[in-house]
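Coordinate analysis (summary)
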Amino acid sequence: MTDSAKDDPKDNLVAAFQIEGWPVRGRIVRLGAAVDEILTRHAYPEPVANLLGEACALAALVGSSLKIEGRLIVQAQGDGPVSYVVCDYDSEGSLRGYCRYDADKVAEASKGFVRPGARTLLGEGLFVMTIDQGPDTERYQGVTPIEGETLALCAEQYFDQSEQTPTRVRLAVGQLQTEEGFVWRAGGMLLQNIAEDDARGSTLDVWERAQALFETLGEDELVDPTVPPELLLYRLFHEDGVRLEAARPLKAFCRCSEDRIRAVLQSFSPEERDGMVEDDGAIKVTCEYCSRVYAIPPQSVE
């Protein structure tokens, strides 16, 4: 990917949008270099990378709507070929994520003509969203079963059951061929109905029209770098007028550090740490998110 592609102001962003006069709110996310960095840190099979890319887009869509400082964590876990997928978004616009999976089981599930979705990969399990405002606050967590074949359907069910908010979600992940090779891209859109009240009256008719327009949104449009967010929204809602609000930049960033690793190691007894020392005299710890390997001298932990 060229430097100009990495610095594209139409990429690696999330923004809210408003449809003029409609009791509907929405958000759109576009991920280029940020999601490519997250997905290429591990040699994920294509279906697993696709699932993690969707989780990254979803975390940005939901997390950026929160009016707090902290993190939103999107995760799903089950008894399928992928036992765990997680992505967290913080209020600085940072994203990180990873998957745990069984390569043989993923290969077996991928033998068909259709790429396996979230339900096939995760199996029976739970979809969870967690809001974390810091160490001195209580976490808020919502949990629903995994029932939709896609992560977008899992999110729609979550909002319906946990928030009682009619919500539509579309997520897309794909690869783009460049001069340097294939790079990952991801995108997504979230649409929510604002509840009726005495001033608005019934919002059902408008919500049904918004959903009908939303259904025309193609996954290829969400990942196409030649279709900026403004153009994509204009294609969908130009007859009614749509306004894109200020965008928030997104980046791939892992919060691991040597100090954090030492703090974790200090929770083990000296005998347990002695058992972790490798032949070169160091304790090796690999970050699950970014794959960075830390070589910690045992004496530095004490």
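All values reported here derive from a predicted model rather than from experimental measurement.

1. Looking at the overall build of the protein chain
From N to C terminus, the protein chain includes twelve helices and 14 strands. Relative to the compact-globule value of 19 Å for 302 residues, the protein chain shows a C-alpha radius of gyration of 21 Å, a close match. In terms of principal-axis extent, the alpha carbons of the protein chain reach across some 70 × 45 × 40 Å. Expressed as a percentage of the 302 residues in the protein chain, the buried residues total 48%. A sequence separation of at least 24 residues applies to 62% of the contacts in the protein chain between residues at least 6 apart. Split by element, the accessible area of the protein chain, about 15000 Å² in all, is 48% carbon and sulfur. In the protein chain, 30 positive and 52 negative side-chain charges are present, and the distance between their average locations comes to 2 Å.

2. With respect to the environment of V85
Position of V85 relative to the elements: it lies in strand β4 (residues 82-90). Note on V85: relative accessible area 2%, which makes it buried. For the pair V85 and L51, spaced 34 residues apart in sequence, the C-alpha to C-alpha distance is 7.8 Å. Ignoring anything within four residues of it in the chain, the contact list for V85 reads L51, L52, A55, V74, Q75, A76, Y98, C99 and L122.

3. Observations regarding the sheet that holds strand β5 (residues 94-101)
Judged by pairing direction, the sheet is mixed, and its six strands sit side by side in the order β7-β6-β3-β4-β5-β12 without closing on themselves. Edge positions in the open sheet fall to β7 (140-145) and β12 (251-252), since each of these has one partner strand only. As paired elements, β4 and β5 share seven bridges and run antiparallel to each other. Each residue of the ladder has a partner; that of Y84, found in β5, is R100. Contacting β3 (71-78), β4, β5 and β6 (125-132), helix α3 (residues 46-63) runs over the sheet at an angle of about 35° to β4. Each of β6 and β7 is contacted by helix α6 (residues 151-163), which is oriented at about 115° to β7, the strand it contacts most.

4. Section: the confidence of the model for the protein chain
A residue-level look at the protein chain finds 94% of positions with pLDDT of 70 or above and a mean pLDDT of 90. Residue range residues 1-7 is modelled with pLDDT below 50. Its contacts to residues more than four positions away, or to other chains, number nine contacts.

5. What about α6?
The end-to-end C-alpha separation of α6 is 17 Å, in line with the 18 Å expected for 13 residues at 1.5 Å each. Listed in full, the buried residues belonging to α6 are L151, A152, C154, A155, E156, Q157, Y158 and F159. For α6, the elements touching its buried residues are α3, α5 (118-122), β6, β7, β8 (167-178) and β9 (181-193). At the C-terminal side of α6, Q164 shows a positive phi close to 50°.

6. Observations regarding the packing of aromatic side chains
Under the definition given, this model contains seven aromatic pairs. Relative to F237, the ring of W22 has its centre 6.4 Å away and its plane inclined at 75°; by these criteria the two rings are edge-to-face. Taken together, the residues W22 in the loop between β1 (13-19) and β2 (24-31) and F237 in helix α9 (residues 229-237) connect sequence positions 215 residues apart. When the ring of Y44 is compared with that of Y101, the centres are 5.9 Å apart and the planes differ by 55°; the resulting orientation is tilted. Taken together, the residues Y44 in the loop between α2 (33-40) and α3 and Y101 in strand β5 connect sequence positions 57 residues apart. Exposure remark for Y44: the relative accessible area of 11% places this residue in the buried category. Take Y101: its relative accessible area is 31%, and that puts it in the partly exposed class. Through pairs of rings, three or more aromatic residues link up here, namely F17, W22 and F237. One Lys or Arg, R100, reaches over the ring of Y84 and ends 5.0 Å from the middle of that ring.

7. Structural notes on the pairing of strand β14 (residues 293-296)
Every second residue of β14 is oriented toward a common face, the buried set being Y294 and I296 and the non-buried set V293 and A295. Pairing geometry for strand β13 (residues 283-286) and β14, over four bridges, is antiparallel. Each residue of the ladder has a partner; that of K284, found in β14, is A295. In textbook terms, the turn of a hairpin is the stretch between consecutive antiparallel strands, and for β13 and β14 this stretch comprises six residues, one of which, S291, has a positive phi near 70°.

Procedures and definitions
Residues numbered from 1 in each chain as written. Predicted model: local features only at pLDDT ≥ 70, side-chain atom pairs only at ≥ 80, totals over all residues. Heavy atoms only, no water. Helix = DSSP H or I, 4+ residues; strand = E, 2+ residues; numbered from the N terminus. Rg over C-alpha atoms; globule rule 2.2 N^0.38 Å. Buried < 20%, exposed > 50% of the residue type's maximum accessible area, 1.4 Å probe, protein only. Contact = heavy atoms within 4.5 Å. Areas by Shrake-Rupley, 256 points an atom, 1.4 Å probe, with all protein chains shown as cover. Lys, Arg positive; Asp, Glu negative; His and termini not counted. Charge placed at Lys NZ, Arg CZ, Asp CG, Glu CD. Pairing = 2+ DSSP bridges. Axes fitted to C-alpha atoms, helices over the stretch in contact; angles between N-to-C directions. pLDDT = per-residue confidence, 0-100. Expected span 1.5 Å × (residues − 1). Phe/Tyr/Trp six-rings, centres within 6.5 Å; stacked < 30°, edge-to-face > 60°. Lys NZ or Arg CZ within 6 Å of the ring centre and 35° of its normal.

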